[in-house]
Amino acid sequence: MQYLLNLLLSLSLLSATYAATAEDWRKRSIYQIITDRFALPEGADVNACDPAKQSFCGGTWKTIKDNLDYIQNAGFTAIWISPVCQNYEGPRTPYGDPYHGYWIADATKLNSRFGTAEDLKALSDELHRREMYLMVDVVVNNVMALETDPDLSSYMFKDKSQYHSYCPIEWGNTDSEQNCWLGDTKVTLPDVNTQDPSVVSAYTEWIKALVQQFNIDGLRIDAAKHVNMDFWPQFCKAAGVYCIGEVFDADAGKALAWQGEQALDAILNYPMYNALVQGFSIPGAQNMSAVTDMIAQIKQKSSDPTLLGNFLEDHDVPRWASMSVDPQSLWNPMVFNFMSDGIPIVYYGQEQGFNGNADPMNREPLWPSKYQNTTTYQLITKLNQLRNHLINTTNDWVTSQVEVLNESDHALAFIKGQVITVLTNIGSPPQNVSISAHTPFSNSLSTSDILTCRQYAVGSNGSIEVEYSKGGVPVILVPDDLLDNSGLCGHPVGTVTGSQQGIVKKDDSGASTTLLSTPLALVASALTIAASLLTGAL
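Note on numbering: residues in each chain are counted from 1, in written sequence order. Where totals are concerned, whole chains, interfaces and linings use all residues; where local detail is concerned, this predicted model gives features only for residues with pLDDT of at least 70, and gives and counts side-chain atom pairs only at 80 or more. Hydrogens and waters are ignored; side-chain quantities use all the structure's heavy atoms.

> What am I meant to see in the overall build of the protein here?
Strands are runs of DSSP state E lasting at least two residues, helices are runs of H or I lasting at least four, and both sets are numbered from the N terminus onward. In terms of regular secondary structure, the protein is built from 16 helices and 21 strands. Residue burial in the protein is summarised as follows: out of 538 residues, 57% are buried. Contacts between residues were defined by any pair of non-hydrogen atoms, one from each residue, lying within 4.5 Å. Residue pairs in contact within the protein that sit at least 24 positions apart in sequence constitute 70% of those at least 6 positions apart. The cut-offs for exposure are 20% and 50% of the maximum accessible area for each residue type, with area from a 1.4 Å probe on protein chains only; residues under the lower value are buried, those over the upper are exposed, and the others partly exposed.

In structure tokens form, the structure reads like this:
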């Protein structure tokens, strides 16, 4: 009996301290959520939320938990939620209410607008039950106030010496960007002095406790480049989880300087985002060489391109549909983000075609969409299905790096592992153009485009050709034998199917058993077994 009790205690401690590493996160795909805007409690007024009013609309951690099927059914294996810490509580500001969660007051307290500690823990537990990860947005650089000399008594840091003195930022000056204040004089963002040893100590203790209390798997770090770089290694070491930072810079060299042992595990890939806008948006520059050039720059300057966060939208940039009117101009770069190096991230509402052009209009409520199974939602589901299958059935697809096979003014062909992706920027109307590429495949190898299930035979010298007489659709060519057990293009699920936390095997009767493969899943399984043994002993 005592042995079983000790086993349960040991396993519980192991479960509480298991941390998701960068290696674990590169196998994930992420759905980004603004908590206030994802889902409403039952009975709430679904017509009351106007993003232009910059007010609270009623989303909570519980309503996220209650609607996870929508996310998981699209194949996502992680969510990123907006900050969970206490925000400014006071009269409405010139820029509305802190519905977004980024106007931090006391980071040691939770934001009661979004629920209780029990609600946040329940969300975390439910995600882990589904073998999904939880990423939480954190704001370290600053707090929020309405003046340049605020009363600090309600903040985590209460001494003036724990903040930099007010100064407006001189953009392009690194010292100014890190020590002066974001915001303006209407809503100020007092800059926390992260060089102060007392601040460093308090922040490291806080993040360690937050991660452990709510079993958080990863952190998205707001305004990362506005903090001194040497702060981040100790902060992320204390957190013990994957850290991806916002480094809002289109320059690959400047942005990627923040990835590595000297800073963060990864950054959100703003350099590639800007290149994709240049390459694919309609109307736009349609400069496909911007994409291939950025691929080369990232391979040269990134410590690990497969850990970067790929996106087409977030809460700080315009919705894609507000810039680019043709649906194929969205679907082609979306395929790029899933099939190239890095972790795909989809901002809530992109799958529904939202078109808000900037803050606050790009922070729409999701519920008016009625969570429809749109064409884009279906595309994302298929991309996740393929990506998860490749991760679970190959040893190297997710860690192999993209190689460009060919590029033209209108198209781009690249290979990652054994999968060839061919993209175009011509849009939906048919054009009499094509692209060919030489591949490492043998002649007559049978491949399938998983988006249309059309078969492509490899020609002489491993050549393939894609033409656009029916419009500018993306193409993903996968050798047919690699699709075995994928459930794609007529290939049955068979004996093995992808599961991010393990492999599901089916016996002859069709019954399935999960062979858990990650530490978190193994711990959960062991806890269940130990608990059942203890119940029997009692």
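> Sorry, what's going on with the state of the cysteines here?
Should the sulfur atoms of two cysteines be covalently bonded, the bond is a disulfide. In this description, a disulfide is simply a cysteine sulfur pair whose atoms lie within 2.5 Å. Going through the model one piece at a time under the given rule, you end up with four disulfides. A disulfide bridge connects Cys49 with Cys57, and the sulfur atoms are separated by 2.0 Å. As the torsion about the S-S bond is roughly 75 degrees, the Cys49-Cys57 disulfide counts as right-handed. When sorted by exposure, Cys49 lands in the same class as Cys57, which is buried. Disulfide pairing is shown between Cys167 and Cys180; the S-S distance is 1.9 Å. Residues Cys167 and Cys180 are joined through a disulfide that is left-handed, its torsion about the S-S bond being -100 degrees. Linking Cys167 in the loop between β3 (133–138) and α7 (174–179) with Cys180 in the loop between α7 and β4 (182–183), this pair joins segments that are 13 residues apart in sequence. Relative accessible area serves as the criterion here: at 9%, Cys180 is assigned to the buried category. Sequence-ordered numbering of the disulfide-bonded cysteines in the protein gives the connectivity 1-2, 3-4, 5-6, 7-8.

> What should I look at first to understand the environment of Gly240 in this one?
As for its placement among the helices and strands, Gly240 is situated in the loop between α9 (231–239) and β7 (242–245). The exposure class of Gly240 is partly exposed, given its relative accessible area of 35%. Sequence separation between Gly240 and Asp217 is 23 residues; the distance between their C-alpha atoms is 8.8 Å.

> Looking at this structure, how should I read the confidence of the model for the protein?
Detailed reading of the predicted coordinates is not advisable wherever pLDDT falls low. Each residue carries a pLDDT score, the predictor's own confidence in it, on a scale running from 0 to 100. On average, residues of the protein score 91 in pLDDT, and 88% of them reach the 70 mark or higher. When mean pLDDT is taken per element in the protein, strand β1 (residues 30–33) scores highest with 99 and strand β20 (residues 502–506) scores lowest with 32. When the criterion is pLDDT under 50, residues 495–519 qualifies, and its contacts beyond four places in sequence or with other chains add up to 53 contacts.

> What is the right way to read the sheet that holds strand β13 (residues 419–424) from this model?
Whether parallel or antiparallel, the strands of a sheet pair through hydrogen bonds between backbone atoms. Taken in spatial order, the six strands make up an open sheet running β11-β12-β13-β18-β15-β16, and their pairing is antiparallel. The open sheet is flanked by β11 (403–407) and β16 (455–457), the only strands paired with a single partner. This sheet shows a mean twist of 25 degrees between the axes of neighbouring strands, independent of strand direction. Strand pairing requires that DSSP identify at least two bridges connecting the strands. Two elements, strand β15 (residues 446–449) and strand β18 (residues 475–479), share three bridges in a ladder whose sense is antiparallel. Within the sheet, the bridge partner assigned to Thr447 lies in β18 and is Pro479. Only the contacting stretch of a helix is used when fitting its axis, a line to C-alpha atoms as for every element, and angles between N-to-C directions run 0 to 180 degrees. Running at roughly 155 degrees to β13, helix α14 (residues 327–339) makes contact with β12 (411–416), β13 and β18 of the sheet.

> Teacher, can you tell me more about the environment of Lys160 here?
Locating Lys160 in the fold gives a position in the loop between β3 and α7. Residue classification places Lys160 among the exposed residues on the basis of a relative accessible area of 56%. C-alpha separation for the pair Lys160 and Asp149, spaced 11 residues apart in sequence, amounts to 9.3 Å. Setting aside residues up to four positions removed in sequence, Lys160 forms contacts with Asp149 and Leu152. We call two N or O atoms a polar contact when they sit within 3.5 Å, provided that within protein one can donate a hydrogen and the other can accept it, with sequence-adjacent residues counted only if both atoms are side-chain atoms. Of the polar contacts made by the side chain of Lys160, one reaches the side chain of Asp149; its length is 2.9 Å.

> Looking at this model, I keep getting lost on the packing of aromatic side chains. Mind explaining?
For any pair of aromatic rings, the description consists of the separation of the ring centres together with the inter-plane angle of the planes. Between the rings of Phe, Tyr and Trp (Trp by its six-membered ring), a pair exists once the centres lie within 6.5 Å; its type follows the angle of the planes, with under 30 degrees stacked, over 60 edge-to-face, and the other angles tilted. As enumerated under the stated definition, the model contains 25 aromatic pairs in all. Measuring from ring centre to ring centre gives 5.1 Å for Tyr166 and Trp181, while their planes differ by 90 degrees; the resulting arrangement is edge-to-face. Taken together, the residues span a long stretch of sequence, with Tyr166 in the loop between β3 and α7 and Trp181 in the loop between α7 and β4 at a distance of 15 residues. Among the residues examined, Tyr166 registers a relative accessible area of 35% and is labelled partly exposed. Judged by its relative accessible area of 6%, Trp181 is buried. Between Tyr203 and Phe231, the aromatic rings sit 6.0 Å apart at their centres with planes inclined by 75 degrees, giving edge-to-face as the arrangement. Of the two residues, Tyr203 sits in helix α8 (residues 197–214) while Phe231 sits in helix α9, which places them 28 residues apart along the sequence. For Tyr203, a relative accessible area of 3% corresponds to the buried category. In textbook terms, an aromatic cluster arises when at least three aromatic residues are bridged by ring pairs, as seen for Tyr31, Phe38, Tyr70, Phe76, Tyr371 and Tyr377.

> Looking at this model, I keep getting lost on the sheet that holds β7. Mind explaining?
Taken in spatial order, the eight strands line up as β8-β7-β6-β3-β2-β1-β10-β9 in an open sheet, and their pairing is parallel. Looking at which strands have only one partner, the edges of the open sheet turn out to be β8 (266–267) and β9 (309–310). Sheet analysis places β1 next to strand β10 (residues 343–347), joined by three bridges and oriented parallel. When the sheet's bridge partners are listed, Ile30 is paired in β10 with Ile345. Each of β6 (218–221) and β7 is contacted by α9, which is oriented at about 150 degrees to β6, the strand it contacts most.

> I'm lost on the pattern of salt bridges in this one. Help?
Pairs can form between side chains of opposite charge whenever their charged atoms are close. By definition here, a salt bridge exists when the distance from a side-chain nitrogen of Lys or Arg to a carboxyl oxygen of Asp or Glu is within 4 Å. For the structure shown, the criterion picks out 22 salt bridges. Measuring nitrogen to oxygen at the nearest pair gives 3.4 Å for the salt bridge that ties Asp97 to Arg92. For Asp97, a relative accessible area of 17% puts it in the buried group. Via salt bridges that share partners, Glu23, Arg26, Lys27 and Asp304 belong to a single interconnected network.

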